[in-house]
Amino acid sequence: MDLLRALPNPSALWHRLRQRSSSNFKFAFLFLGPEQRDGLQQVYEFCRVVDDIVDERTPGPEGDAAARKGLTEWSAEVARVYEDPYLVEDPPRTELGRGLVRTHAVFHYPREAFDEIIAGVAMDLEQSVYPDMESLRLYCYRVASCVGFLCIAIFGDQSPSARRYAEHLGLALQYTNILRDVAEDAARGRCYLPQDLLARHNLTIADVLEYRYDGRFVAAAADFADAAEREYQLAWQILPELKHRRLLPAEIMGRTYYEILLEIRARNYNVFTRRASLRRRDKLRVAALAIARASLSVL
């Protein structure tokens, strides 16, 4: 169903946004039918489950081994989701797996996206730093772009152009997350800012873990923000090729995170004293502009 045509009254849509603007995630749900909402909820639940297996593991070798076992079990569950329903001998064993079977029959999720997400979270078991942007890009592709591939399946556009859009937007969102969460990650002994980028500005991983905010960090953070900016722009250059209105939930999320990037820049990259976020009225403004752009694209 064309949701923009199903909601012809802009004032009614604006009222709904004002009433349900407590999170970016809720914005996406506003533009989906019940079956799509169910599918998106399952995708995010899958991501949360596999991410928690790694993030909430017990410290030490035993915890790492348990996390690897848990991820292996979920790899097997994904395989069960894709079994031929007429020849299935080992059906999914979890409620989520059975739900994914149901929604996969409707949306045709790309199998490799689930496998890559698992491979991405598994990378956190192997390394806590990244030597260069190439290795970080692989991580972000797996944990963010591949989520995007599942989402565009739900939104109804799996064209090559939509996949390129989802890849670049996923990278942009993850780069923004990394920059915003530098302090939170450092508190856990992690630094996702690439070592080669830090070295160009005479910084080390230890400097980041010790919350050293100075001109060197500002310069390094600005370089990283520029990398995020390039991915946003690459994604948005593809939009004219796409069924824009179908991707409205993704656009709202993307434009919201772009505003967070602008907020980080406005604070001169001081991500150590307060986590960047948007006020409710700013989220509403971003959503309204995204709705307007999508409306113009169908005229």
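Data block above holds the structure.
Here the structure is a predicted model, which is why all the values come from computation and not from measurement.

Moving on to the pattern of salt bridges. According to the stated counting rule, one finds 27 salt bridges in the structure shown. The closest approach of N and O atoms between Arg80 and Glu77, which form a salt bridge, is 2.7 Å. Taken together, the positions of Arg80 and Glu77, both in helix H5 (residues 61-81) and 3 residues apart, correspond to about one turn of that helix. One salt bridge in this structure joins Arg163 and Glu112, with 3.7 Å as the shortest N-O distance. Remark: Glu112 occurs in helix H7 (residues 111-126) and Arg163 occurs in helix H9 (residues 160-180); sequence separation between them is 51 residues. Salt bridges sharing partners connect three or more residues here, namely Asp207, Glu210, Arg212, Asp214 and Arg216.

In this section: the packing of helix H4 (residues 34-55) against helix H8 (residues 133-155). Following both chains from N to C, one finds H4 and H8 inclined at 170°, their axes separated by 9 Å at the closest point. Considering the angle they form, H4 stands roughly antiparallel to H8. From H4, Gln36, Gly39, Leu40, Val43, Tyr44 and Cys47 reach across to H8, where they touch Val147, Leu150, Cys151, Ile154 and Phe155. Taken together, the residues of the contact of H4 with H8 sort by class into 9 nonpolar, 2 polar and no charged.

Right, let's talk about the packing of H7 against H8 for a bit. Relative to each other, H7 and H8 sit at 145°, their axes nearing to 8 Å. By crossing handedness, the relation of H7 to H8 is classed as left-handed. Between H7, through Ala113, Phe114, Glu116, Ile117, Ala119, Gly120, Val121, Met123 and Asp124, and H8, the contact on the second element is made entirely by Ser135, Leu138, Tyr139, Tyr141, Arg142, Val143, Cys146, Val147, Phe149 and Leu150. In the contact of H7 with H8, the residues fall into 14 nonpolar, 2 polar and 3 charged.

Under the definition given, this model contains 0 disulfides. Here Cys47 stays unpaired: no disulfide links it, and the sulfur of Cys151, its closest cysteine neighbor, is 7.6 Å away. Cys47 sits in the buried class, given a relative accessible area of 15%.

This brings us to the packing of aromatic side chains. Tallied over the entire structure, the rule returns 17 aromatic pairs. Measuring from centroid to centroid gives 5.4 Å for Tyr139 and Tyr192, while their planes differ by 20°, and the two rings are stacked. Of this pair, Tyr139 sits in helix H8 while Tyr192 sits in the loop between helix H10 (182-187) and helix H11 (195-200); the two residues are 53 residues apart in sequence, bridging distant segments of the chain. Accessibility expressed as a relative area gives 6% for Tyr139, which makes it buried. Under the relative-accessibility criterion, Tyr192 is labelled buried at 8%. For the ring pair Trp236 and Tyr258, a centre distance of 5.1 Å and an interplane angle of 80° mean the geometry is edge-to-face.

What follows concerns unusual backbone geometry. Unlike most non-glycine residues, His108 shows phi in positive territory, near 55°. Of note, the phi angle at Asn202 is positive, near 60°, even though the residue is not glycine. Secondary-structure assignment places Asn202 in the loop between H11 and helix H12 (205-209).

Parameters and conventions
Residues numbered from 1 in each chain as written. Predicted model: local features only at pLDDT ≥ 70, side-chain atom pairs only at ≥ 80, totals over all residues. Heavy atoms only, no water. Salt bridge = Lys/Arg side-chain N within 4 Å of Asp/Glu carboxyl O. Helix = DSSP H or I, 4+ residues; strand = E, 2+ residues; numbered from the N terminus. Axes fitted to C-alpha atoms, helices over the stretch in contact; angles between N-to-C directions. Parallel < 35°, antiparallel > 145°, perpendicular 65-115°, else oblique. Contact = heavy atoms within 4.5 Å. Nonpolar A, V, L, I, M, F, W, Y, C, P; charged D, E, K, R; others polar. Left-handed = near helix turned anticlockwise from the far one by under 90°. Disulfide = S-S within 2.5 Å. Buried < 20%, exposed > 50% of the residue type's maximum accessible area, 1.4 Å probe, protein only. Phe/Tyr/Trp six-rings, centres within 6.5 Å; stacked < 30°, edge-to-face > 60°.

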